[in-house]
Structures are given as structure tokens and as C-alpha cells.
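Residue strings, one per chain:
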Amino acid sequence: MGLERLPSSLLIEEVLLKLEIEALCSVSCVNKAMSFSVSQALPLLSSINLSAFSPDAQILSSIVGGCRGLHSLTLNCLHLDNLSLGVILGTHLQELNLLNCSLLSYQVFASIGEACPNLRVLVLELVDQCSTEAFKTNLDKMLNGCLCLESFSLKIRGREVGANAFQSIDFFLPSALKSMKLQSVLEQDVIRLMDKIRVGADRNSVLTAHVSIPISPLSSVFTLQRLSLVLDAISDELIMAISGNLPTLVELDLEDRPVKQPLPNHDLTNTGLQYLASFHHLMGLSLIRSRHNQQVSFKRVNDMGMFLLSEVCKGLESVRLCGFSKVSDAGYASILHSCLKLKKFEARNAFFLSDLAFLDVTESQCSLVEVKLLSCSLITSETVKQLTRSRVLEVLDLCGCRSIADSCLGSISSLRSLSMLNLAGADITDYGLSVLAQGIPSITHLCLRHCERVTDEGISFLFHGGGTIRKTLSALDLGYMPRISDKAIFTIAMAGTEITELCLRHCSVTDVSLDCLAMRKTFRDECKLLRRLDLLKCTGLSVNSLRFLKRPSFPGLHWLGIGGTPLASKGYPTLSKIHNQRPWLTICLEGCEMGCYDGWQFHRAGYPQ
């Protein structure tokens, strides 16, 4: 019996409402009866996620236009302007995530404030329009209109928002706000914002003491719990301002991107870390100094600073540190041994972090669930063996640790809970993969990028080793591996039934590989649909392989990276036709990582025109 012959109510409740939005739209094309049933189901949806592709105004209206019961909506807004959003905004929305907003102006703030008074969660990724006054005016309207807002995340891509952007905004943040993320903002603007919060709290105290009337939500005590900032500099003054005005913080995430090494009197020091003692409930701390074109670091923080931090923040469950060039094993070990509730630990570019810091770490009461040691050149397989004594380890990221070798893969293969493993740049071989392939980890994400000694045979071992990984692996990164060829891709196409994301950037693959991947469902019907495929700089591909991207091949593909290939340089007319056929597919002609995670290309439309 066909689905359309089921009673309408049963079809909608038991089938249609359980499908993803893409599948729901596909089903509506079967016949008129199914189209009608889908039209009846859409208004009943409480949550829709359209982040996997960027709809235009017409597609958005046809999907969301009638969904007045919608509480949560996530949109990829790459091709949407302010006018397009009129169909989705309303009092029904409680969560709104607007990503990759390349065409939206700051007026969107005011529009949201006017139309969505019940909004509790708001995420916005905008392009800087170089208009500080418009930014301030419209943001003010939004925050005064969304008084129920509990979580607010704002990312401005491009040139930094102008100096003093927050300075003259005469508002108190909604008292319901518990989580706030701002990127990018100036350090001095944050300090001024902290001053406003203190003034609001002081005013509330005075009113409470002398006036018996109810206090306005805008002047009540501000109890933010999570604060995440990307700014121009992290200094002692900044830490002191935040700790003095937001004592209820549970998570503090700070990342700075200074264009040059900060002056000694305007930087983070050991003293600044002492101010963190004001956070009596702090469970998560992230202090990141990003290195872009300059070799910058927290040069005024040493082991003593880490000793002080571990003493005043013993309740930390998550620690992320990057750019602490003067901290050695002793400093890192003090955190690992003093923070007995620690579950997540990350250290990046830690030049003096070695195996010594992890000696007997699991002998303490610390049960690590997630460990990320990125570009820590002194870390070897001995650290990995030590960490694998934590039987609850789920995430192990060793990207850039070039001294990691085959000898630790036996230990890793015994971790039943491990779901994510990053061995990028490690000195492993085919033998090491054969050991991993026989183990029990239920690994879903595996990165072997830059593992130059691994060959096609190693990939064959991985999928035919008899262990668990061949049944669970869904995302595989084989980028920058010169010994990987079409033979390995054939193995993946045949045996990698769960693979939905595959990175082959800078690999020696040809049209044969694309043909194999396009035919996966023919080889094995139980194969999952490939969602994302990265072919950046795969110069062995020819323009002729574009035929594999046309319907009906790759029916589930959402993202395709082809920058630096003949497909991008010579295939524009065909790519344009493919885009028209497949509006769900984003074709990236740049060098973005899988899914354009680093943001979006706002100077280009994302599709060939």
C-alpha cells in the first residue's frame, strides 16, 4: 500500500512530521496527494533547520511561509535580504539562528525587535557595513524589543565594528539574558559595557532600598552566566572589569587577535589571572591568543600564573588555552592535578608542553572526556598511552603533534567511548591503521590529514580490519596525503557505508574517484548519502567529471569544494546549470574547510553565476 493511501492524520503524524525538511520537500513532489499532505504537515512543525543550503526568497516562502506554529528556525541567509525575512518573523518564534547573512543590513536588528518579542535565543552572523551609528541605533531597538532574550550571539564578519560602537548605547541588557557572544568587539567597549552593568546594579540597589514599586526588567540585577568574546586584546583591566561585574559567570570564553604584540602595561599577566578568583561558580574557561600574521603570545604569563589559576579555580570542568609561550609542563600539570572535576582540556601551540605534564594524570580524580593538544611538538605517543587510561575519553585531537606514532594506536583501539580522533600530521603508517581497525572504538570522525606515510593499503585495512570503526565512521579526512589514489576511494565507496563527509583535498585522485562515489548506492544499497565532499586542489580531475554531479548522482550532497581544480576554472557554464538543478547544493570555489565553517564568502554568491 502506498503512503498516500494511509489516513491523512496518520500519514502526517507518524511519517511526515518525522522527516527532515529536505526529505519532506522531496516527498511533496511525488504527486498531488502527497503535496497536499506535506502542505498540511508544514504548519505543524515546531522546528526547522535550513542551514545545510542557502534558499532564495521564493524557496524560503514556500517552505516556511505557512509555519505559524514554528518555535525554532535556523537559516543559511547567503541569498536572503531584509525584505525576504518578513515571511518568517513573528511572535511565534522563540529561537532564531540567522547564519551567513551576506546581504542583510543592520536594520535586521530593529525588524527582529519589533516582530519577535517572545524570542529567547538569537544567533546572527552579519557583514560589517561600516556604519557605527546604524549599528548602535538598530541594536538598541532589538535589545529593548526582545526583553525575554536568554541567549544572544552576534558575529560581525569583515572590518571590526567601529571604535566605541557600544559606548553610547543607553540601554540595560535584558535581565533574562544568560548567555552572550560578541565577535568582534573592542576591549575598551567591553570595559564600558561592564561599567553600564555596574551602574544598573547600583541603581537597582538604591531603588530597592528606597522605593516600594516594582523594578523595571531593564534595571534589574544582571546575572549573565556565559560570556564569549572575540576582541582586539585581552588585558588585566579587561579581566578585572568582567570579574568585578559578572560574578555569576559559569563560562568565560575570551579570544583576542592583536595585530601586534601588546605593550607590557596593556596585556594579560599573572596578576590578571588572580582576578578570576571572583568567579565562584566558574566551570569553563577559555583564553585564546590567535596567531595570524604575527607571532604574538601571552608573554607576561608563566608557570606562576597557571599555579595561581589552578588555586583560585579548582572547580573548572573545561579549560582551553592557546598562546601561552612561557608556560611549561609545571604550569599545565598544576591545572591537570588541581582541577579534580576537569573533563575537557585543550592546549594549542604549547611549545614547552611535553609528556611530563601528563605523568599519572589519571591517577588523580580527573576523568578526562575530551583532550585536544594542537601543534604541541613535544607530545609523543607516551602521552597518548597515559591519556587512554581514562576509559571515558570521547574526543582525542592530536592535530600537529608530529611525534605521535604507531606505538600508541593499540592503546587508542581499546577506548570503547572514543567517537572523534584527529591524527593530522602524525607519523603513523598503514600498520598503525591496521591496529586501529581491529579495535573497539565507535569512531565517527577520523582525521588523517598530512599523514604522508599512509597509503591506499592503509585505507583498505581501516575498512576491512574487522573492528568497530568500519561500521561507525561517518566523516573521514584524507587531505594532503600524496599516497592516496583512486584505489583508496574505491574502497571507501564499497565499504564505507556510513560515510557522509569526505575530504580529499590535495590528493592524487581522478575522474574515476568521482565516478565511484557517485555510484555508491549502486554498489551497496545500505550506503548513507554523501553530504559533503572536499576536492580542493585535486588537479587530476577533468571538466568531464562534472557529469557525475548532475542528477540523479549524489542525491544527498549539500556541500562541494572544488577550488583550484579544472572543475572550477573551466566548468562555469555547467556548474551554473547544476546549481539551477540542485538548489540544496552549495558549490564552494574558494579554499574553505568542509562546509565553509570559517564563515562565508560574502564577496561572492557562493555559486557560480
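The rules behind these values
Residues numbered from 1 in each chain as written. Predicted model: local features only at pLDDT ≥ 70, side-chain atom pairs only at ≥ 80, totals over all residues. Heavy atoms only, no water. Helix = DSSP H or I, 4+ residues; strand = E, 2+ residues; numbered from the N terminus. Buried < 20%, exposed > 50% of the residue type's maximum accessible area, 1.4 Å probe, protein only. Contact = heavy atoms within 4.5 Å. Areas by Shrake-Rupley, 256 points an atom, 1.4 Å probe, with all protein chains shown as cover. Expected span 1.5 Å × (residues − 1). Disulfide = S-S within 2.5 Å. Core = buried A, V, L, I, M, F, W, Y, C linked by side-chain atoms within 4.5 Å. Patch = residues over 30% accessible without salt bridge, like charges linked within 9 Å, V, L, I, M, F, W, Y side chains within 5 Å. Salt bridge = Lys/Arg side-chain N within 4 Å of Asp/Glu carboxyl O. Axes fitted to C-alpha atoms, helices over the stretch in contact; angles between N-to-C directions. Parallel < 35°, antiparallel > 145°, perpendicular 65-115°, else oblique. Nonpolar A, V, L, I, M, F, W, Y, C, P; charged D, E, K, R; others polar. Pairing = 2+ DSSP bridges. Right-handed = clockwise from strand over helix to strand, strands pointing away. Phe/Tyr/Trp six-rings, centres within 6.5 Å; stacked < 30°, edge-to-face > 60°. pLDDT = per-residue confidence, 0-100.

### Details of the overall build of the protein chain
When its secondary structure is counted, the protein chain shows 21 helices and 20 strands. The burial tally for the protein chain puts 53% of its 609 residues in the buried class. Of the contacts made within the protein chain by residues no fewer than 6 positions apart, 75% connect residues no fewer than 24 positions apart. As displayed, the protein chain offers around 25,600 Å² of accessible surface, 52% of which is attributable to carbon and sulfur atoms.

### Overview of helix H6 (residues 132–145)
Across its 14 residues, H6 extends 20 Å between first and last C-alpha, which sits within 8% of the 20 Å expected from 1.5 Å per residue. Looking at the buried residues of H6, the elements they touch are helix H5 (107–115), strand S4 (121–127) and strand S5 (151–157).

### Looking at the state of the cysteines
This structure, assessed with the given rule, holds 0 disulfides. With no disulfide of its own, Cys322 lies closest to Cys376 among cysteine sulfurs, the gap being 9.1 Å. By relative accessible area, which is 3% here, Cys322 ends up buried. The closest cysteine sulfur to the non-disulfide-bonded Cys339 is located on Cys313, 7.4 Å from its own sulfur.

### Some points on the nonpolar core
With 162 residues, the main nonpolar core has Leu98, Ile112, Ile242, Leu373 and Leu533 as its most contacted residues. Setting aside anything within four residues of it in sequence, one finds Ile242 in contact with Met194, Leu227, Leu229, Leu249, Leu252, Leu254 and Phe279. Core analysis: the second largest hydrophobic core is formed by 6 residues, Cys503, Trp559, Cys592 and Cys596 among them.

### A few points about a nonpolar patch on the surface
Taken together, the side chains of Phe490, Met519 and Phe523 define a hydrophobic patch exposed on the protein surface, amounting to about 250 Å² of accessible area. Structurally, the position occupied by Phe523 is in helix H19 (residues 520–523).

### Quick word on the packing of helix H10 (residues 303–312) against helix H11 (residues 329–338)
Relative to each other, H10 and H11 sit at 10°, their axes nearing to 8 Å. In terms of axis orientation, H10 runs roughly parallel to H11. Contact with H10, carried on its side by Asp303, Met306, Phe307, Leu309, Ser310 and Glu311, involves Ala330, Gly331, Ser334, Ile335 and Ser338 of H11 and no other residues of that element. Here the contact of H10 with H11 is composed, by residue class, of 5 nonpolar, 4 polar and 2 charged.

### Considering the pairing of S4
For S4, the tally of buried residues reaches 6 of 7 residues, placing the bulk of the element in the interior. Of the pairings in the sheet, the one linking strand S3 (residues 95–101) to S4 comprises 5 bridges and is parallel in character. The residue bridging Leu98 from the neighbouring strand is Leu124, located in S4. A crossover connection joins S3 to the parallel S4 through H5; in handedness this β-α-β unit is right-handed. With 7 bridges joining them, S4 and S5 adopt parallel strand pairing. Across the sheet, residue Leu126 finds its bridge partner in S5, namely Ile156. The parallel pair S4 and S5 is bridged by H6, and the resulting crossover is right-handed.

### Examining the environment of Glu498
Here Glu498 is to be found in the loop between helix H17 (486–495) and strand S17 (501–503). Overall, Glu498 belongs to the partly exposed group, its relative accessible area being 22%. Along the primary structure Glu498 and Ile469 are separated by 29 residues, whereas in three dimensions their C-alpha atoms are 9.9 Å apart. Not counting chain neighbours up to four residues away, the residues in contact with Glu498 comprise Lys471, Thr472, Leu473, Ser474 and Lys528.

### A short note on the packing of aromatic side chains
With the rule as written, the count across this model stands at 6 aromatic pairs. Seen from their ring centres, Tyr106 and Phe135 are 5.3 Å apart, and the 70° between their planes marks the pair as edge-to-face. Of this pair, Tyr106 sits in the loop between S3 and H5 while Phe135 is found in helix H6, placing the two residues 29 residues apart along the sequence. Exposure remark for Phe135: the relative accessible area of 1% places this residue in the buried category. Taking 6.5 Å as the distance between ring centres and 80° as the angle between the ring planes, the aromatic pair formed by Tyr332 and Phe345 counts as edge-to-face. Here Tyr332 is found in helix H11, whereas its partner Phe345 is found in strand S11 (residues 344–348), with 13 residues between them in sequence. An aromatic cluster is built from Tyr106, Phe109 and Phe135, whose rings are joined through pairwise contacts.

### Some remarks on unusual backbone geometry
Keep in mind that most residues, glycine aside, have a negative phi and that most peptide bonds are trans. Put simply, Gln183 and Ser184 share a cis peptide bond, and its omega is -5°. Its place among the elements puts Ser184 in strand S6 (residues 179–185). That bond from Arg551 to Pro552 is cis: its omega, 5°, falls within 30 degrees of zero. On the secondary structure map, Pro552 appears in the loop between strand S18 (532–534) and strand S19 (559–561). The backbone phi angle of Asn100 is positive, close to 55°, even though this residue is not glycine.

### Some words on the packing of helix H14 (residues 430–437) against helix H15 (residues 456–464)
Closest axis-to-axis distance for the H14/H15 pair is 8 Å, and the angle between their directions is 5°. Here H14 is positioned roughly parallel relative to H15, judged by the angle of their axes. Seen from H14, the contacting residues are Asp430, Leu433, Ser434, Leu436 and Ala437; seen from H15, they are Glu457, Gly458, Ile459, Phe461 and Leu462. Class assignment of the residues belonging to the contact of H14 with H15 gives a composition of 6 nonpolar, 2 polar and 2 charged.

### Observations concerning the confidence of the model for the protein chain
Detail in the predicted coordinates should be disregarded across regions flagged by low pLDDT. Overall, the predicted model of the protein chain reaches an average pLDDT of 85, with 83% of residues at or above 70. Note on residues 203–220: pLDDT is under 50 here. Beyond four places in sequence and across chains, it has 14 contacts. Ignoring residues within four places in sequence, the model shows residues 601–609, a span with pLDDT below 50, making 26 contacts including any to other chains.

### Points about the environment of Val185
Residue position: Val185 is located in strand S6. Separated by 29 residues in sequence, Val185 and Ile156 place their C-alpha atoms 8.8 Å apart.

### Focus on the pattern of salt bridges
A full pass over the atoms with the stated rule returns 19 salt bridges. A salt bridge links Lys385 to Glu382; its shortest N-O distance comes to 3.4 Å. Taken together, the positions of Lys385 and Glu382, both in helix H12 (residues 381–387) and 3 residues apart, correspond to about one turn of that helix. When its relative accessible area of 30% is taken as the criterion, Lys385 is described as partly exposed. Where Asp534 meets Arg505, a salt bridge forms, and the shortest distance between an N and an O atom there is 2.8 Å. Of the two residues, Asp534 is situated in strand S18 and Arg505 in the loop between S17 and helix H18 (511–518); the sequence distance between them amounts to 29 residues. Of the residues examined, Asp534 reaches a relative accessible area of 1% and is grouped as buried.

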